[in-house]
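# Report on the structure
These are the residues of each chain, in order.
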Amino acid sequence: MKALVISALRLARTTPFRLAVLYLAMFVLSVALILAVVYRTTAGFLESEIGETIALEVAGLQDQYRGQGLRGLVDAVRDRSATSHTNSVYLLTTPGGVILAGNLSAWPTAVPDASGWTHFKVAEYGGTSDRPSTAMAVTFTLPGKFRLLVGRDMSEIDQLRGRMIASLRWILAVTALLGLGGGLLVARGAMRRIEAINRTTRQIMAGDLTGRVPRSGGGDEIDRLAGNLNAMLDQIERLMTGMRQVTESVAHDLRTPLTRLRSRIELALIHETEDPEVYRAVLQETIAEADRLLATFTALLSIAEAESGAKRTELEPVKLAEPVRIAADLYEPVAEDKGQTLVTDIRGEPVVRGNGQLLAQAVSNLLDNAIKYTPEGGRIALVLEGAAHGRGPRVTIADNGPGIPSDMREKVLQRFVRLDTARASPGNGLGLSLVDAVARLHGARLVLEDNAPGLRISLEFPANGGTFATPPH
Ligand SMILES: Nc1ncnc2c1ncn2[C@@H]1O[C@H](COP(=O)(O)OP(=O)(O)OP(=O)(O)O)[C@@H](O)[C@H]1O
Ligand SMILES: [Mg+2]
């Protein structure tokens, strides 16, 4: 019982319940207003009816007075007053106030209103009647200062008012009951669904990211909220999983070089040679290894920075030809060393909003791959095209090496992913991740295609500085 009261009290504090009570109050108010208007018009109608009845009575008495004088009037009033169950009130007095005939005990002290009607409580001047109702009456002063009062009690109007008030009370009681009950029911329904959301939130706060808000399928606002929350949770879960994978791969991929580094130093110590040249060689190798590690960290940090979008505020107009030329100049000698031809073809002068340094880094990474994975004597083309035919500017690097199988083209963009065929050449599998992050930062997209043979990879910028509607992954 106590628990029931507590839960009812809790429901009473909810928004749905408050809304229900508010609507209830408004409903009762409007019913009261309607009843008041009905009462007013009905009462007005009844009053005019009563007025007409009184006018008829007055006309009858007038006939009597005209025909038989005061005597006849006294008789007529006496006759009419004698009828029990009459709704009419009469009083005929002498100039001195002595009652000659009628069913009132005294002349009412009330003053006539603007339209000539006198209203008074019948009971106070009861005489023969003790009805609690009010009466309305007209008064006349006859020749010789005799006074006549003819009226009718308004019990019908009083009854009407009584009935109206009674029904209003009933309506009030029933609506209050229905409203409270309905409000509690509505509140309970809404609260049950909110509670489901709360349960999911608690589950997630406890560390279980798989929790989802159950949906009723009705498509109402709570359902839509649940849908959005679930979509948000999906996204968070995806990001968390991605982050965990990255952390795991970072830890895994840095372990190997660090272990190598450590065993190399350890071995040098174990051999205990006197020859400083041996130590020198080991130290030099150690530095080289440490440099590679540092390069990996730098690459990881650049990717994280580009992905976080922190550099987005630093974007400024960049002539795409500049980063392309920088990268080409850097890699031409490398290609030459490997007996490859690197052909750079700059068509047009496209300008994009971007970060020149990151763009040069991205093009360099792509050239690095093309040179690294294409056998000696290969051909590499670097092409910059301006915007045309509704598409934005694009930078394309095409080689005639082994290429990337179509089912791996998405995968190689992930951190630390390298194809088995690449194991022979140095690398961490971070180059394309950075290019992809830089592309995203610029609202551009990275397209990998078959160059038959080889790989053709393009950095496609959006037309008119817009962005591609590509979903984040
Ligand atoms: N031009 C290409 N031809 C063939 N395979 C490629 C080419 N570019 C990239 N790949 C494949 O994609 C993988 C990922 O490339 P990515 O540039 O990310 O890493 P990486 O070159 O191995 O190492 P890093 O760039 O970090 O030194 C490579 O290991 C290689 O297997
Ligand atoms: Mg690379």
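The written sequence of each chain sets the order in which its residues are numbered from 1. Here the convention is simple: chains get letters from A, ligands get numbers from 1, in the order in which they are written. Given that this is a predicted model, residues contribute local features only at a pLDDT of at least 70 and side-chain atom pairs are listed and counted only at 80 or more, while totals for whole chains, interfaces and linings are drawn from all residues. The basis for the side-chain values is all heavy atoms of the structure; hydrogens and waters are excluded.

## A short note on a negative patch on the surface
In plain terms, the rule: Residues qualify for a patch when their relative accessible area is over 30% and they have no salt bridge, like charges being joined within 9 Å and the nonpolar side chains of Val, Leu, Ile, Met, Phe, Trp and Tyr within 5 Å. Accessibility throughout is a Shrake-Rupley quantity obtained with a 1.4 Å probe, and a residue counts as covered only by protein chains that appear here. Should a side-chain nitrogen of Lys or Arg be within 4 Å of a carboxyl oxygen of Asp or Glu, the pair is scored as a salt bridge. In summary, the charge assignment counts Lys and Arg as positive and Asp and Glu as negative, without counting His or the chain termini. The location of each charge is read from NZ of Lys, CZ of Arg, CG of Asp or CD of Glu. Here a helix means four or more residues in a row that DSSP labels H or I, a strand means two or more in a row labelled E, and each is numbered from the N terminus.
Taken together, Asp329, Glu332, Glu336 and Asp337 make up a surface patch of like negative charges. Secondary-structure assignment places Asp329 in helix H6 (residues 321-337).

## Describing the site of ligand 1
The cut-off we apply is this: Note on terminology: near, applied to a residue and a molecule or strand, indicates that one of the residue's heavy atoms is within 4 Å of it. The term polar contact refers here to a pair of N or O atoms within 3.5 Å; inside protein, the definition further demands a hydrogen-donor-capable atom paired with an acceptor-capable atom, and it admits residues adjacent in sequence only when both atoms are side-chain atoms.
For ligand 1, the set of nearby residues contains 19 residues, the closest of which are Asn369, Tyr373, Asp399, Arg418 and Leu432. A distance of 2.7 Å separates an oxygen atom of ligand 1 from a polar atom in the side chain of Asn369. Isolated, ligand 1 exposes 590 Å² of accessible area, and the fraction of that covered by the protein chains is 92%. Sorting the residues of the shell around ligand 1 by element identifies helix H7 (356-373) and helix H8 (431-441) as the ones contributing at least two each.

## What about the packing of aromatic side chains?
Our working definition: Between the rings of Phe, Tyr and Trp (Trp by its six-membered ring), a pair exists once the centres lie within 6.5 Å; its type follows the angle of the planes, with under 30 degrees stacked, over 60 edge-to-face, and the other angles tilted. Placement of a charge over a ring requires the Lys NZ or Arg CZ to be within 6 Å of the ring centre, with the centre-to-atom vector within 35 degrees of the ring normal.
Using the criterion set out here, one finds 0 aromatic pairs in the structure. Here the basic side chain of Arg147 rests over the ring of Trp107, its NZ or CZ set 4.1 Å away from the ring centre.

## As for the domain arrangement of the protein
Put simply, the rule reads: Domains are outlined according to an automatic or database domain assignment.
Per the domain assignment, the segments making up the protein are domain 1 (2-169) and domain 2 (311-473). Centre-to-centre separation of domain 1 and domain 2, based on C-alpha positions: 99 Å.

## A closer look at the environment of Asp234
Put simply, the rule is: We call a residue buried when its accessible area falls under 20% of the maximum for its residue type, exposed when it is over 50%, and partly exposed in between, using a 1.4 Å probe and counting protein chains only.
Residue placement: Asp234 occurs in helix H4 (residues 221-271). Residue class for Asp234 comes out partly exposed when judged on its relative accessible area of 36%. In this structure, the C-alpha to C-alpha distance between Asp234 and Gly207, residues 27 residues apart in sequence, is 14 Å.

## Concerning the pattern of salt bridges
Under the defined criterion, the tally for this structure stands at 27 salt bridges. Linking Asp345 and Arg347 is a salt bridge whose minimum nitrogen-to-oxygen distance equals 2.9 Å. Between Arg456 and Glu449 there is a salt bridge, with the nearest N and O atoms lying 3.5 Å from each other. Connected via shared salt-bridge partners are Asp345, Arg347, Glu385, Arg391, Arg394, Arg445 and Glu460.

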